Amino acid sequence: MRTVGVEEELLLVDPETGEPRALSAPVLARATREDAEQQVFEKELHEQMLEFNTHPQASMESLHAEIVRCREEAAGHAEGIGCTVAALATSPLPVSPAVGVNRRYQWMEEQYGIATREQLVLGCHVHVSVGSDEEGVAVVDRLRPWLAPLTALSANSPFWQGTDSGYSSYRSRVWQRWPSAGPTEVFGSAERYHRRVADMVATGAVLDKAMIYFDVRLSDRYPTVELRVADVCLHAETAVLIAALARGLVETAAREWRAGGEPAGHSVSLLRLAAWQAARAGLTGDLLHPETMRPLPAEAVLGDLVGHVAEALQAHGDLELVREGCARLLREGNGARVQRELLERTGSLRDVVTECVRHTQR
């Protein structure tokens, strides 16, 4: 059974005002003092962010428990410093992001300027184990058209600098400012994948392999493929849904590869349009169908996504979890819809943030 791990980035906010707080350094120092052996928390590009990484898990039940525990621990460490955490992919309130002081982040600010300074966005990255780089690249090639629906499911960033962006996942649009971000063409082999990465690093436009921000890539640290298209999810159960679908997609792609099936030949141009449509609409409008690249209602696209991976989901014991999770999000809404409904009810972005703090830990 393939294992799955999740990286989540959380927003540090003032518990009273909801405003982002640049306190990651003291929060991390407190976490290190209290639990030096675990080391699940890491710094990120901006001081208003805190990241954690789960251990590889074989069951979604175990993954859910660890995400909940890590969120609770993050909140506890943050509260000891006078702030708290919110699983929001952008700050609803205006913010002046503070870039971290280490050498890597300073290089990025000098290289990319305002794109770095404004890049306060928070994602959910899913790692799924693979047996080799060759299998991993075969998976990367075959996942390409199926990634946009994951953005739509996870969409949790409707607000930007105090206003409604008009998008469900504005985080994904801001992320595209990096020169190495986005969908890729079909590589065909691990050798061609690694050659492309080496060529990109050799341009000097990126610092190293870790800055190859493909929508899905081979991990530089683990024997996994890493899916990077999801917003950090407001609820832990949505993060688990994304992880279960990710594992199902990886297993399905690997089976297709072993059976000699060819990856879809969609151009990068079409994949960018599918990603844009998912970011814009979320679950409230049409998505581009992964096979035809023509618009269909989100419910129909999600139904075909689940059908595409149903055999792999069944083998992992995740089919009912995914069916119920997709039905719940279509019925109750993703994080973007929840945030907009909170604003409509309260009239206050501050109240949106403070209420989302409670959602984060439930």
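Please refer to the structure higher up on the page.
Residues numbered from 1 in each chain as written. Predicted model: local features only at pLDDT ≥ 70, side-chain atom pairs only at ≥ 80, totals over all residues. Heavy atoms only, no water.

Participant: In this structure, what is going on with the nonpolar core? I would like to understand it.
Facilitator: One broad trend across soluble globular proteins is that nonpolar side chains are buried collectively. Judged by nonpolar contacts, the single largest core of 119 residues is most densely connected at V126, L143, L150, L153, V225 and L227. Looking at this core, the element that brings in the most residues is helix α9 (residues 236-258), giving 13 residues. Discounting chain neighbours no more than four positions away, the residues touching V225 are V126, H127, V128, V130, G136, V139, V140, R217, L218 and V250. (Core = buried A, V, L, I, M, F, W, Y, C linked by side-chain atoms within 4.5 Å. Buried < 20%, exposed > 50% of the residue type's maximum accessible area, 1.4 Å probe, protein only. Helix = DSSP H or I, 4+ residues; strand = E, 2+ residues; numbered from the N terminus. Contact = heavy atoms within 4.5 Å.)

Participant: I tried to follow the pairing of strand β5 (residues 123-129) on my own but got confused; where do I start?
Facilitator: Looking along a regular strand, one sees the side chains alternate between the two faces of the sheet. By the criterion of burial, β5 is predominantly enclosed, with 7 of the 7 residues buried. Residues G123, H125, H127 and S129 of β5 are buried on one face, and the alternating residues C124, V126 and V128, pointing to the opposite face, are buried as well. Summarising the sheet, strand β1 (residues 4-13) and β5 pair through 5 bridges and their orientation is antiparallel. Within β5, the position partnered with E7 by the bridge is H125. Where β5 and strand β9 (residues 224-231) come together, 6 bridges link them in antiparallel fashion. (Pairing = 2+ DSSP bridges.)

Participant: Got a minute to help me understand the pattern of salt bridges in this structure?
Facilitator: Pairing between side chains of opposite charge can happen when the charged atoms of each approach one another. Considering all chains together, one arrives at 27 salt bridges under this definition. Among the salt bridges present, the one from R21 reaches D14, with a minimum N-O distance of 3.3 Å. Looking at R21, the relative accessible area reads 29%, which means it is partly exposed. A salt bridge links D164 to R340; its shortest N-O distance comes to 2.8 Å. With a gap of 176 residues between them, D164 in strand β7 (residues 163-164) and R340 in helix α13 (residues 335-346) connect regions that are remote in the sequence. Residue R340 is classed as partly exposed on the basis of its relative accessible area, which comes to 27%. A single salt-bridge network, built from bridges that share partners, covers R2, E135, E251, R255, R258 and E311. (Salt bridge = Lys/Arg side-chain N within 4 Å of Asp/Glu carboxyl O.)

Participant: Which parts of the structure should I look at to understand the packing of helix α5 (residues 133-143) against α9?
Facilitator: Axes are the key here: two packed helices are described by the angle between their axes and the distance separating the axes. Two elements in contact, α5 and α9, have axes separated by 8 Å at closest approach and are oriented at 105 degrees. Between α5 and α9, the angle is such that the two are roughly perpendicular. Counted together, E134, E135, A138, V139, R142 and L143 of α5 and L249, V250, A253, A254, E256, W257 and R258 of α9 form the full contact between these two elements. The class makeup of the residues in the contact of α5 with α9 is 8 nonpolar, no polar and 5 charged. (Axes fitted to C-alpha atoms, helices over the stretch in contact; angles between N-to-C directions. Parallel < 35°, antiparallel > 145°, perpendicular 65-115°, else oblique. Nonpolar A, V, L, I, M, F, W, Y, C, P; charged D, E, K, R; others polar.)

Participant: Explanation requested: unusual backbone geometry in the structure shown.
Facilitator: Trans is the prevailing form of peptide bonds, just as negative phi is the prevailing case for residues other than glycine. Phi angles above zero are rare outside glycine, and Q161 is one such case at about 50 degrees. Along the chain, Q161 turns up in the loop between β6 (159-160) and β7. Classification of Q161 by relative accessible area gives partly exposed; the value is 34%. Positive phi values are uncommon outside glycine, yet M293 reaches one of about 55 degrees. Residue placement: M293 occurs in the loop between β10 (286-288) and β11 (295-297).

Participant: What is the right way to look at the environment of L218 in this model?
Facilitator: When you line up the elements, L218 lands in strand β8 (residues 216-218). According to the relative accessible area criterion, L218 is buried, its value standing at 9%. Beyond its immediate chain neighbours, meaning those up to four positions away, L218 contacts D133, G136, V137, Y193, H194, T224 and V225.

Participant: Teacher, can you tell me more about the pairing of strand β3 (residues 49-53) here?
Facilitator: The buried fraction of β3 is high, at 5 of 5 residues. The alternating pattern of β3 places M49, E51 and N53 on one face and L50 and F52 on the opposite face, and all of these are buried. Note: β1 against β3, 5 bridges, orientation antiparallel. Residue pairing for β3: E7 is matched across the bridge by N53. As judged from the 2 bridges shared by strand β2 (residues 41-42) and β3, these two strands associate in the antiparallel manner. Bridging from a neighbouring strand, F41 pairs with F52 of β3. With antiparallel pairing between neighbouring strands as the criterion, β2 and β3 make up a hairpin whose turn holds 6 residues.

Function cannot be read off these values alone, since they describe shape.
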